[in-house]
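A structural walkthrough
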Amino acid sequence: MSDAYEQQDFAAPAETREFPNGRADLVRIGGTEIGRLTLQPGWRWSTDVRPLAGTDWCEAPHFQYHVAGTLRVRTSDGREFDATPGQVTALPSGHDAWVVGDDPVVVVDWWGASNYAK
């Protein structure tokens, strides 16, 4: 990282990737990409993103801060848990996830967003 001041805003992302029931906004800062994922009620990775990824499970590891909504995650080895606002999760490769309830899920992803929905 340089000594230069940097500031980015998700209101004007460098890139936006839209997919069924969701979107990923990417900002580039400090030599890396940070993503904000907004997932609507009814979104599920295995339904909405798997066709784009072409894999059985999400293979992008994630390091995420959960801003809003409830995201249920199931790992390929069968573990299942809910991620809720204020929590930070580190997800390994090999998982499915879906929105629980009627509120959109918003997460900020420091690791894995650059490969999301590609």
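See the structure shown above.
Our subject in this report is the structure included herewith. In this text, all values refer to a predicted model and were calculated from it rather than measured experimentally.

**Details of the overall build of the chain**
The number of helices and strands found in the chain is two helices and nine strands. Reading the chain from its N terminus to its C terminus gives the helix and strand order β-β-β-α-α-β-β-β-β-β-β. For the chain, whose C-alpha radius of gyration is 14 Å, the value lies close to the compact-globule estimate of 13 Å for 118 residues. Taking the principal axes of its C-alpha atoms as reference, the chain extends roughly 45 × 30 × 25 Å. Every one of the 118 residues in the chain was classed for burial, and the buried ones make up 39%. At a minimum sequence separation of 6, the contacts of the chain that also span at least 24 residues come to 58%. Accessible surface for the chain amounts to roughly 6,400 Å². Of this, 49% is attributable to carbon and sulfur atoms. Placing the 10 positive and 17 negative side-chain charges of the chain at their respective mean positions leaves the two points 4 Å apart.

**Comments concerning the sheet that holds strand β8 (residues 95–100)**
Note: strands within a sheet are paired through backbone hydrogen bonds, in either parallel or antiparallel orientation. A sheet is described by the order of its strands in space; here three strands give the open sequence β6-β5-β8, paired in antiparallel fashion. Two strands lie at the open edges of the sheet, namely β6 (80–83) and β8, each paired on one side alone. Pairwise comparison of adjacent strand axes, ignoring direction, gives a mean angle of 25° for this sheet. The sheet contact formed by strand β5 (residues 70–75) and β6 spans four bridges and is antiparallel. Each bridged residue has a counterpart across the sheet, and for Arg74 the counterpart in β6 is Glu80.

**Examining the pattern of salt bridges**
Counted by the stated rule, this structure contains ten salt bridges. Arg17 serves as the salt-bridge partner of Glu15, at 2.9 Å between the closest nitrogen and oxygen. Residue classification places Arg17 among the buried positions, given a relative accessible area of 9%. A salt bridge links Asp25 to Arg23; its shortest N-O distance comes to 2.9 Å. Judged by relative accessible area, Asp25 falls into the buried class, the value being 1%. Classification of Arg23 by relative accessible area gives partly exposed; the value is 32%. Ionic contacts of the salt-bridge type, sharing partners, join the residues Glu15, Arg17, Arg28 and Glu33 into one network.

**What to know about the pairing of strand β9 (residues 105–111)**
Burial runs high along β9: five of the seven residues are buried. For strand β3 (residues 32–39) and β9, the ladder comprises five bridges, and the chain directions are antiparallel. Paired with Leu39 across the bridge in β9 is Val105. Inspection of the sheet shows strand β4 (residues 62–68) paired to β9 by five bridges, in the antiparallel sense. Bridging across to β9, Tyr65 finds its partner in Val108.

Definitions and limits used
Residues numbered from 1 in each chain as written. Predicted model: local features only at pLDDT ≥ 70, side-chain atom pairs only at ≥ 80, totals over all residues. Heavy atoms only, no water. Helix = DSSP H or I, 4+ residues; strand = E, 2+ residues; numbered from the N terminus. Rg over C-alpha atoms; globule rule 2.2 N^0.38 Å. Buried < 20%, exposed > 50% of the residue type's maximum accessible area, 1.4 Å probe, protein only. Contact = heavy atoms within 4.5 Å. Areas by Shrake-Rupley, 256 points an atom, 1.4 Å probe, with all protein chains shown as cover. Lys, Arg positive; Asp, Glu negative; His and termini not counted. Charge placed at Lys NZ, Arg CZ, Asp CG, Glu CD. Pairing = 2+ DSSP bridges. Axes fitted to C-alpha atoms, helices over the stretch in contact; angles between N-to-C directions. Salt bridge = Lys/Arg side-chain N within 4 Å of Asp/Glu carboxyl O.

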